[in-house]
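Listed here are the chains, written in short residue letters.
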Amino acid sequence: MNAVAAICSAVLLALSLPIFLVFGIGGAFSAIVVLDLPWSTLIQVAFGSVTKHVLVSVPLFILAGMLMLHGGLAARLVSFATALVGHWPGGLGVSMVLAMGFFAAFCGSILAAITAVGTIMMPKMVEHGYPKPFVIVLAASAALLESLIPPSNAAILFSALTEVPVSRTFAAGIVPGLILLVFMVGVVLWKCHGIPRTARASWAERRRTFVAAIPGLMTPVIILGGIYGGIMTPSETAAVASVWALVVGFAVHRELAVGKVIAALRHTAQITAVIFAIIAMATFLSVVLTFSQIPQAIINYFSVLNETPMLFWLALAIICLILGTFMEIIPVFYLTVPIFAAIVISLGLDMLHLYVVFVAFAGIGMITPPVCVSIYTSASVLDESADKAFREVPLFVIVGVAYGTLMVFLPAAATWLPGLLR
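Residues numbered from 1 in each chain as written. Predicted model: local features only at pLDDT ≥ 70, side-chain atom pairs only at ≥ 80, totals over all residues. Heavy atoms only, no water.

Digging into the packing of aromatic side chains
- All chains considered together, the criterion is met by nine aromatic pairs.
- Consider the rings of F158 and Y355, whose centres lie 5.2 Å apart with planes at 50°: the pair is tilted. Residue F158 is located in helix 9 (residues 153-162), and its partner Y355 is located in helix 17 (residues 351-362); the two are separated by 197 residues in the primary sequence. The same class applies to F158 as to Y355, namely buried.
- Between F312 and F340, the ring centres sit 6.0 Å apart and the planes meet at 75°, which makes this aromatic pair edge-to-face. (Phe/Tyr/Trp six-rings, centres within 6.5 Å; stacked < 30°, edge-to-face > 60°. Helix = DSSP H or I, 4+ residues; strand = E, 2+ residues; numbered from the N terminus. Buried < 20%, exposed > 50% of the residue type's maximum accessible area, 1.4 Å probe, protein only.)

Take a look at the structure:
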């Protein structure tokens, strides 16, 4: 019967049903027909999964990012980044990567980062001779910085699953996020060195764009300072970030209006509904798998064979790359992290190391067909077919695998900063 449920889920996935329906229908079939669990179990498990206090910060960080997008803050960050490095070889591409990193530091949404920064930078890059396929995949790949640079929704979800404090998970992503940013900049410098450069900005222009970007640059200071200063919880800092975005948009930049606030709230509700629907159904499916003894069997397999950490990391990388090709990163989180976390404990590895390596390999799925939500979002910004961009994907997959491999062999990147802040 479990095989029938798995086949049913695979068929539904092939029919392009929303992933939360695939998980819900497959999980419900196993729970009711195979395990003889009551119908109320689905409701209880699904409701309990989305009512964890730590998840309150998810919609609040998304709202802060949306308010900053509609309030003009994203545009000022892009202008500052362009003034700094726009004259470099491939300078506009480097500017977009840096702006993505800045925006990730207070947004919490990969798709919001693509929309906010990509809408401004991508048309400008195409006008200056950057190939459209490369621009699309670069924007999608650079947006993965959000998964590591705090405040990251990926870090919040990981903490909700493993009970690692959010502050430590945030800290674990900072150094790896900066390393990933360097990787992205390196790709742009190598790939775009022959594209004509833009004029060097004057020091007066740099100073002007810096002053205009100060409210945005202060946002991560407010967020991370509140958390690590022990003043606020992550949920409280998310609320403060949203209020800060309102104040800046209305009083400083004066670009926010009631209509734009309503639009930001609507976009936040849409993104949050998708995330929480996936969380609810993926959690239900993971509970069904636990009742079916599948995670226990996997853990016993590793224990009996006395697998080494390197073999575990290899298995994790392969599983994440395969699942990430067919699913978004959130359902991959909820399906596999509880199993991986138990194995990490049994092997004596660090949970924060697991977080960074997992995000590195699972994040590659965001740019690999057929799902590749990030690429479809980037392509829509340029009103271009995503199919034309797929030829640039192998380069970024190679870079992603190289980065993930580095993170496997460099656990200090994930554990050093949390150790200092303990």
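Details of unusual backbone geometry
- Positive phi, close to 55°, is recorded for R254, a residue that is not glycine.
- Looking at where R254 falls in the secondary structure, it is placed in the loop between helix 12 (234-252) and helix 13 (258-291).
- The backbone phi angle of D383 is positive, close to 55°, even though this residue is not glycine.

A few points about the environment of A264
- Among the structural elements, A264 can be located in helix 13.
- Once the C-alpha coordinates of A264 and A64 are considered, the two residues, 200 residues apart in sequence, prove to be 8.8 Å apart.
- Apart from the residues within four sequence positions on either side, A264 is in contact with L63, M66, L67 and H70. (Contact = heavy atoms within 4.5 Å.)

Description of helix 18 (residues 373-381)
- Every buried residue belonging to helix 18 is among V373, S374, I375, T377, S378 and A379, and all of these are buried.
- Where helix 18 is buried, its residues touch helix 7 (110-127), helix 8 (132-142) and helix 19 (393-409).
- Just downstream of helix 18 lies D383, where phi reads positive at about 55°.

Details of empty space enclosed by the protein
- Within this structure, the stated rule accounts for one cavity of 30 Å³ or more.
- Looking at the largest cavity, its volume works out to about 140 Å³.
- As for the largest cavity, its lining consists of 14 residues, of which L144, L180, A360, I364 and G400 are closest to the centre.
- For the lining of the largest cavity, the secondary-structure elements that each account for two or more residues are helix 10 (166-191), helix 17 and helix 19.
- Ranked by residue count, the leading element in the lining of the largest cavity is helix 19, at three residues.
- Looking at the lining of the largest cavity, its residues break down into 10 nonpolar, four polar and no charged. (1 Å grid on protein atoms, 1.4 Å probe; cavity = no way out; pocket = protein on both sides within 12 Å on 5 of 7 lines; lining within 4 Å. Points joined across faces, edges and corners; volume = space filled by probe spheres on them. Nonpolar A, V, L, I, M, F, W, Y, C, P; charged D, E, K, R; others polar.)

Digging into the nonpolar core
- In terms of nonpolar packing, the biggest core is built from 133 residues, with L55, M100, L354 and I375 touching the most fellow members.
- Counting residues per element, this core draws most heavily on helix 16 (residues 329-347), at 12 residues.
- Among the nonpolar cores identified, the runner-up in size contains six residues, and A28, A31, L37 and V45 belong to it. (Core = buried A, V, L, I, M, F, W, Y, C linked by side-chain atoms within 4.5 Å.)

Here's the deal with the environment of V34
- Of note, V34 is situated in helix 2 (residues 19-34).
- For the pair formed by V34 and V288, sequence separation is 254 residues and the distance between their alpha carbons is 9.9 Å.

A few points about helix 17
- Counted at 1.5 Å a residue, the expected span for helix 17 with its 12 residues is 16 Å, and the 16 Å between its end C-alpha atoms agrees.
- For helix 17, the buried fraction is high: 12 of the 12 residues fall into the buried class.
- Turning to helix 17, its buried residues are M351, L352, H353, L354, Y355, V356, V357, F358, V359, A360, F361 and A362.
- The backbone nitrogen of L352 has a side-chain oxygen 2.7 Å away, supplied by the residue at the start of helix 17, namely D350. (Expected span 1.5 Å × (residues − 1). Polar contact = N/O pair within 3.5 Å; in protein donor to acceptor, adjacent residues only side chain to side chain.)

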